[in-house]
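# Architecture at a glance
Below are the chains, spelled out letter by letter.
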Amino acid sequence: MRKWTISSSRLAKLCCAIPLLSASACWGAESLNVSTSLSPDDPIYKGLKDFKKSVEERSKGDIKIKLFSSGQLGADNELLQHAQAGSNVGVVVDGARLAQFVPEMAIIPAPFVFKDYATLKTFINSPVFAQWNNKMASESGLTALSFNWYQGARMLVTQKPVVTPADLNGIRVRALEAPVTIETIKCMGGSPTPLSWSEIYSSIQTGVVDAAEAQPTAVYGSKLYEITKNITKTNHIHLMTGIVVSQKWLSTLSPENQAILKEEAAKHGDLASENTIAAGETMLKDMADKGMTIATVDVKPFIDSCQYVPEKLGLSEAKKQVESVIN
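All values derive from a computational prediction rather than experimental measurement.

### A look at unusual backbone geometry
- Phi angles above zero are rare outside glycine, and lysine 223 is one such case at about 60°.
- Structurally, lysine 223 is set in the loop between α9 (216-221) and β9 (230-246).
- Of note, asparagine 235 is a non-glycine position whose phi angle comes to about 50°, a positive value.
- Relative to the helices and strands, asparagine 235 is located in strand β9.

### As for the environment of alanine 85
- Note that alanine 85 resides in the loop between α3 (76-84) and β3 (89-94).
- With relative accessibility at 58%, the residue alanine 85 sits in the exposed group.
- For the pair alanine 85 and leucine 142, spaced 57 residues apart in the sequence, the C-alpha separation amounts to 9.5 Å.

### Quick look at the confidence of the model for the protein chain
- Per-residue confidence for the protein chain gives a mean pLDDT of 92, with 91% of residues at or over 70.
- Here residues 1-29 is a poorly scored stretch, pLDDT under 50, and it has 30 contacts once near neighbours within four places are set aside; other chains count.

### A word on the state of the cysteines
- All told, the structure shown has 1 disulfide when counted by the stated rule.
- A disulfide bridge connects cysteine 187 with cysteine 306, and the sulfur atoms are separated by 2.0 Å. Of note, the bridge from cysteine 187 to cysteine 306 carries an S-S torsion of about 85° and is right-handed in sense. Placement of the pair is cysteine 187 in helix α7 (residues 179-187) and cysteine 306 in the loop between α12 (300-305) and α13 (309-312), with a sequence separation of 119 residues.
- Overall, cysteine 187 belongs to the buried group, its relative accessible area being 6%.
- Cysteine 306 sits in the buried class, given a relative accessible area of 2%.

### A word on the layout of surface pockets
- Each pocket or cavity is described by its volume, and for the largest pocket that value is around 650 Å³.
- Among the secondary structure elements, those contributing two or more residues to the lining of the largest pocket are α3, β3, β5 (149-158), β8 (212-214) and β9.
- Class assignment of the residues belonging to the lining of the largest pocket gives a composition of 13 nonpolar, 12 polar and 7 charged.
- Counted as a void, the second largest pocket has a volume near 340 Å³.
- Residue lining of the second largest pocket: 19 residues in total, with Phe129, Asn133, Ala144, Leu145 and Ser146 positioned closest to the centre.

Rules behind the numbers
- Residues numbered from 1 in each chain as written.
- Predicted model: local features only at pLDDT ≥ 70, side-chain atom pairs only at ≥ 80, totals over all residues.
- Heavy atoms only, no water.
- Helix = DSSP H or I, 4+ residues; strand = E, 2+ residues; numbered from the N terminus.
- Buried < 20%, exposed > 50% of the residue type's maximum accessible area, 1.4 Å probe, protein only.
- pLDDT = per-residue confidence, 0-100.
- Contact = heavy atoms within 4.5 Å.
- Disulfide = S-S within 2.5 Å.
- 1 Å grid on protein atoms, 1.4 Å probe; cavity = no way out; pocket = protein on both sides within 12 Å on 5 of 7 lines; lining within 4 Å.
- Points joined across faces, edges and corners; volume = space filled by probe spheres on them.
- Nonpolar A, V, L, I, M, F, W, Y, C, P; charged D, E, K, R; others polar.

Rendered as structure tokens:
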């Protein structure tokens, strides 16, 4: 009988081609495949590239990271399930996605809870958030390497000008399929339509939805300036995300390599956040030059309309915990 052999380098290449193989099958159990729905031009994705480089250098190649942009590795919820099972996958996600594991997490992307990036960063660095992350690890098997990857302030992207919640009446707005996002669009006057972000361009183009709500870098990266006319700076959500991985997989690494992953995730999350803020302002100017109207409006009517959201979603106590940190 003929015996077949395969070199370690060939095995590594096969693992890259089938990224959701178990960690033990690839690169000696220390490989990580990181997925994001963002485009390769997004400052967050560029930050992930720097994160990858730093981790591989500091670990002297013991940890290999492969990045997947534009949702090409699969849907976030499916990837989180793989991570729960112990797969070597990391997913860049926000609190809306993680609320299925830790309900309190939904307060982070709730409307008008945080006034700016600095306030949000203060909370993410607090013992309260650390407790939530520990709860997620113990109850779901997921943990955030860091949760300081700020994607920007979310704004309304529409065909017609929006000044008050009444202007969104009957407007179908793309929504992440999560209760807090759906309720946010409702309280702002729109009709939420759950849809993958990767489908947003074609869906607006064909009339499946009329509008979106997103941060400037995502609007620019998806080229929505080609098919929409208005951006309204409601800043209703300050979108903070993290690199969420399997606690089981992470525990297979040496303590030194676990520390490298967490330290570099935190370092490059901060850097990518600052770059995102700067890029967002530049992109808003560029989109204005391309013909979009960028409007600043009185957000008080939107704030007033959305005050009920935390209580309706059972997040009153979580909101109090947030306020105990930021006020």
